[in-house]
Amino acid sequence: MGNAIIEITQLSKRYDTPEGAYTALHDVNLNIEEGSIFGIIGLSGAGKSTLVRCINGLEPISGGTINVLGQSIPDLSAKELRQLRKSISMVFQQYNLMPSRTVEGNVALALRHSGLSSAEKRDKTRKLLSLVGLEQHAQSHPSQLSGGQQQRVAIARALANNPRILLLDEATSALDPDTTKTILELVKRLNRELHLTIIVVTHQMDVVKSICTHVAVIDHGTIVEQGEAFDVFANPQAELTRRFVGDYTGLSHVIDVLRSGGAAAGLDPDGQLIHMSYANKTVAEGLVSAVTEQFHVTVNILFASLDIVDGYPLGSIVAQYSGDPEHIKQALDYLRGKGIRIATVHPESKASASTNAAASITKEHIA
């Protein structure tokens, strides 16, 4: 990785409606590196799908630039755009399979203008079905397959013309968690074995956590945060990102419970509620036990979670610190020096439950 395969600068997209002009995308700037799995996450209506449709030229842009594989999308002729799209394939939430055709026939549809002979098409189709684990279902019809199997057919079809970029637009939203997991494992394998650059459009933080190396958060048509997936999870800056992360990790719920007083009974009224989270990829020590021994403070853990983001552990702990205030300060300074992000939790906040957990947390930067 390292070379940008997609470069977007000050992109805007406006629609003219009977009610007036509507801006779907505003001042979008993105560089997507070759070989990455890049997540674009946002709420419904944020502009995720519009952005992807601009990338593959399905939507004309209103301003800015988009360069894909070294070519300026707005400057391409219709013929040039069709040629470029052979290198950009898309998989949708709806599988869009032809019910009257077999699995093999659905994949072969993508090869109808490939110039291959019938035998070559058949051979390639079978190799693609083997790649996605469906070779035994070649003569089945879509109605005979599960949702996950149908999505695998759609992925095999998308790979038929050897694309360099694969766009997944909410491709797992209609699937159950177990099936989603198998599809995401397949996507990671395709990225690794075929050296595909994959763009994942989703509103599911779990999808980003599971497979993405990089992520951009879009809100009301604007990119509010972007970076390596681990860094965005570990240190979310934008309000929407903090809400996504807080809801996903359970931190938002913990803050609401503490605010209600349900988990605060019996806690030391003079203690300090602290949220600790990993700030980098190298934290590996048993730091909680270390600070209790070294600084003679009591650490009462109320909530803890551990996840893996882009192959690295990401931990989050809410705990009450009790003891001498100076010792607590020294303990927290020690943790900051070890790569732990420290924030003070204020359960007495009157913020509504719909407000993200960060409204009840005072962020403290690492020294």
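This text follows the structure it describes.
One structure accompanies this document, and this report is about it. (Residues numbered from 1 in each chain as written. Predicted model: local features only at pLDDT ≥ 70, side-chain atom pairs only at ≥ 80, totals over all residues. Heavy atoms only, no water.)

Focus on unusual backbone geometry
Most peptide bonds take the trans form, and the phi angle of most residues other than glycine is negative.
Then step 1. We note that Asn96 has phi near 55°; this positive angle belongs to a residue other than glycine.
Then step 2. Within the secondary structure, Asn96 is located in the loop between β6 (88-92) and α3 (103-109).
Then step 3. Classification of Asn96 as partly exposed rests on a relative accessible area of 49%.
Then step 4. Of note in this structure, Glu170 is not a glycine but carries a positive phi near 50°.
Then step 5. Its location among the elements puts Glu170 in the loop between β7 (165-169) and α6 (177-194). (Helix = DSSP H or I, 4+ residues; strand = E, 2+ residues; numbered from the N terminus. Buried < 20%, exposed > 50% of the residue type's maximum accessible area, 1.4 Å probe, protein only.)

Things to note about the packing of aromatic side chains
Then step 1. Tallied over the entire structure, the rule returns one aromatic pair.
Then step 2. Aromatic pair Phe295 and Tyr334: ring centres 5.5 Å apart, planes at 55°, arrangement tilted. Here Phe295 is found in helix α11 (residues 287-295), whereas its partner Tyr334 is found in helix α12 (residues 325-337), with 39 residues between them in sequence.
Then step 3. Between the NZ or CZ atom of Lys13 and the centre of the ring of Tyr15, over which it lies, the distance is 4.7 Å. (Phe/Tyr/Trp six-rings, centres within 6.5 Å; stacked < 30°, edge-to-face > 60°. Lys NZ or Arg CZ within 6 Å of the ring centre and 35° of its normal.)

A look at the pattern of salt bridges
Any two side chains of opposite charge can pair, on the condition that their charged atoms come close.
Then step 1. By the definition in use, this model includes 10 salt bridges.
Then step 2. Glu59 is the partner of Lys13 in a salt bridge, and the nearest nitrogen-oxygen pair spans 3.6 Å. Within this pair, whereas Lys13 is found in strand β1 (residues 4-17), its partner Glu59 is found in the loop between α1 (48-55) and β4 (63-68), the two being separated by 46 residues in sequence.
Then step 3. The class of Glu59 is buried, set by a relative accessible area of 17%.
Then step 4. Salt-bridge contacts for Glu59 lead to Arg53; the nearest nitrogen and oxygen are separated by 3.5 Å.
Then step 5. For Arg53, a relative accessible area of 30% gives the class partly exposed.
Then step 6. Through salt bridges that share partners, Lys13, Arg53 and Glu59 make up one connected network. (Salt bridge = Lys/Arg side-chain N within 4 Å of Asp/Glu carboxyl O.)

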